[in-house]
Amino acid sequence: MKFFIDTANLDQIREAHDLGVLDGVTTNPSLMAKEGIKGTENQRAHYVEICNIVQADVSAEVIATDYEGMIREGSELAALNPHIVVKIPCIAEGIKAIKYFSDKGIRTNCTLIFSVGQALLAAKAGATYVSPFVGRLDDIGEDGVVLVGQIVEMFRYYGYQTQVLAASIRNTKHILACVEVGADVATCPLSAIKGLLNHPLTTSGLKTFLEDYHKVNG
C-alpha cells in the first residue's frame with residue numbers, strides 16, 4: 001500500500017517524508033486555508049513547494065464546478081509541476097473533465113466518491129485515482145471500508161488500472177482495515193501513519209532490552 005499524507009502543513013509533510021514511507025500528498029483549498037495560505041497565487045506556489053519536498057504525486061483540487069472552468073483550472077494546476085495530479089469532484093462535469101485530461105495524458109484524482117457506480121464512471125473516463133471517503137461514510141452509519149473493498153474487487157474483475165485511494169482516513173484502524181481489502185493508497189493524517197508504530201510489546205520489549213544492557217554495561 002502507498003501512503004499519502006492529507007495536509008498542507010509543510011512540517012508534517014517533511015516529517016512523513018523523512019520517515020521514508022511517504023508516497024505522495026493530497027491537499028485542497030480547505031487544508032490550505034487551515035494553514036493560513038490565502039489567494040490563488042499563494043496556494044499554487046504552495047503546491048509547488050510541496051512537490052519539491054516529496055518528488056511524488058501531489059493532488060491539487062480544482063474549485064470550478066463547470067466543465068470549462070475545470071479544464072482551465074486543471075490545466076493550469078497540471079502545468080505547475082510534473083508531480084501534480086488534478087483532483088476533480090465526481091459530478092457529471094467532472095467525469096467529462098477527467099476524460100478530457102485522460103486523453104491529454106494529464107493524471108487525475110476523482111474525489112468525493114461514495115458509491116461503486118461513481119467509481120466505475122471515473123475509471124471508465126480514465127481517472128488515475130478514485131477517492132472513496134471512508135470516514136464520511138462511517139459518519140452516516142455506512143461502512144466506508146466495505147465500499148473501498150467493493151471498488152477494489154470491481155477494478156480487478158474488469159481490469160481497470162485506476163488506483164483506489166482510500167480517503168477521509170481518521171485513524172490507524174482505518175488504515176489497517178483498508179490494507180485488508182486491498183486499497184492501493186491510503187491518504188491520512190500523520191498521526192494515523194505514526195500510529196502504526198505503536199504496540200505495547202515493542203515498548204515493553206525495548207525497555208527490557210535497555211535495562212538489561214545497563215545492568216551489564218553500567
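Residues numbered from 1 in each chain as written. Predicted model: local features only at pLDDT ≥ 70, side-chain atom pairs only at ≥ 80, totals over all residues. Heavy atoms only, no water.

Participant: Where do I start with the sheet that holds strand 7 (residues 163-166) in this structure?
Facilitator: Whether parallel or antiparallel, the strands of a sheet pair through hydrogen bonds between backbone atoms. Pairing within the closed barrel is parallel, and its 8 strands lie in the order 1-2-3-4-5-6-7-8. Here the average twist between neighbouring strands, direction ignored, is 30°. With 2 bridges joining them, strand 7 and strand 8 (residues 185-188) adopt parallel strand pairing. If you follow A166 over to strand 8, its bridge partner there is A186. With respect to the sheet, helix 3 (residues 40-54) is in contact with strand 2 (24-26), strand 3 (57-61) and strand 4 (84-89), its orientation differing from that of strand 3 by roughly 165°. On the sheet, helix 5 (residues 92-104) packs against strand 4 and strand 5 (108-113) and is oriented at approximately 155° with respect to strand 4. (Pairing = 2+ DSSP bridges. Helix = DSSP H or I, 4+ residues; strand = E, 2+ residues; numbered from the N terminus. Axes fitted to C-alpha atoms, helices over the stretch in contact; angles between N-to-C directions. Contact = heavy atoms within 4.5 Å.)

Participant: Help me understand the packing of aromatic side chains in this model?
Facilitator: Within the structure shown, the criterion is met by 6 aromatic pairs. Each ring, one from Y100 and one from F101, has its centre 5.4 Å from the other, and the planes form 75°; the classification is edge-to-face. We classify Y100 as partly exposed; its relative accessible area is 27%. According to the relative accessible area criterion, F101 is buried, its value standing at 0%. For the pair Y157 and Y158, a centre-to-centre distance of 4.8 Å together with 85° between the ring planes defines the contact as edge-to-face. On the accessibility criterion, Y158 (57% relative accessible area) is exposed. Here the aromatic cluster, defined as three or more aromatic residues joined through ring pairs, consists of F155, Y157, Y158 and Y160. (Phe/Tyr/Trp six-rings, centres within 6.5 Å; stacked < 30°, edge-to-face > 60°. Buried < 20%, exposed > 50% of the residue type's maximum accessible area, 1.4 Å probe, protein only.)

Participant: Help me understand the packing of helix 6 (residues 116-125) against helix 8 (residues 144-158) in this model?
Facilitator: Packed helix pairs are specified by the crossing angle of their axes together with the interaxial distance, meaning the distance between the axes. Contact pair helix 6 / helix 8: the axes reach a minimum separation of 10 Å and the direction vectors enclose 40°. By the angle between their axes, helix 6 is oblique relative to helix 8. Crossing of helix 6 over helix 8 shows right-handed handedness. Residue-level contacts link V116, A119, L120 and A123 of helix 6 to L147, Q150, I151, M154 and F155 of helix 8. Each residue belonging to the contact of helix 6 with helix 8 can be placed in one class, and the counts come to 8 nonpolar, 1 polar and no charged. (Parallel < 35°, antiparallel > 145°, perpendicular 65-115°, else oblique. Left-handed = near helix turned anticlockwise from the far one by under 90°. Nonpolar A, V, L, I, M, F, W, Y, C, P; charged D, E, K, R; others polar.)

Participant: Even after reading the chapter, I still don't get helix 9 (residues 172-180), so can you show me in this structure?
Facilitator: Two residues of an α-helix separated by three or four positions point the same way, owing to the 3.6 residues in each turn. For helix 9, every residue scored as buried is listed here: T172, H174, I175 and C178. Along the long axis of helix 9, the arc covered by the buried residues comes to 160°, so they all point the same way. Turned more than 90 degrees from where helix 9 packs its buried face, K173 and E180 sit exposed. Here the buried face of helix 9 lies against strand 1 (2-6), helix 7 (134-139), helix 8, strand 7, strand 8 and helix 10 (190-195). One side-chain oxygen at the N-terminal end of helix 9 lies 3.2 Å from the backbone nitrogen of K173; it belongs to N171. (Arc of directions from axis to C-beta. Polar contact = N/O pair within 3.5 Å; in protein donor to acceptor, adjacent residues only side chain to side chain.)

Participant: What is the right way to look at the environment of C178 in this model?
Facilitator: Within the secondary structure, C178 is located in helix 9. Considering only alpha carbons, one finds C178 and V146, 32 residues apart in sequence, at a separation of 8.8 Å. Apart from the residues within four sequence positions on either side, C178 is in contact with M1, V134, V145, V148, A166, I169 and A183.

Participant: Quick question: what am I supposed to make of the packing of helix 4 (residues 67-78) against helix 5 here?
Facilitator: Remark: helix 4 packs on helix 5, axes separated minimally by 9 Å, with the N-to-C direction vectors making an angle of 40°. Judged by the angle between their axes, helix 4 and helix 5 are oblique. Seen along the crossing, helix 4 lies across helix 5 with a hand that is right-handed. The residues of helix 5 that touch helix 4, namely those facing Y67, M70, I71, G74 and S75, are E93, G94, K96, A97, Y100 and F101. The residue inventory of the contact of helix 4 with helix 5, partitioned by class, reads 6 nonpolar, 3 polar and 2 charged.

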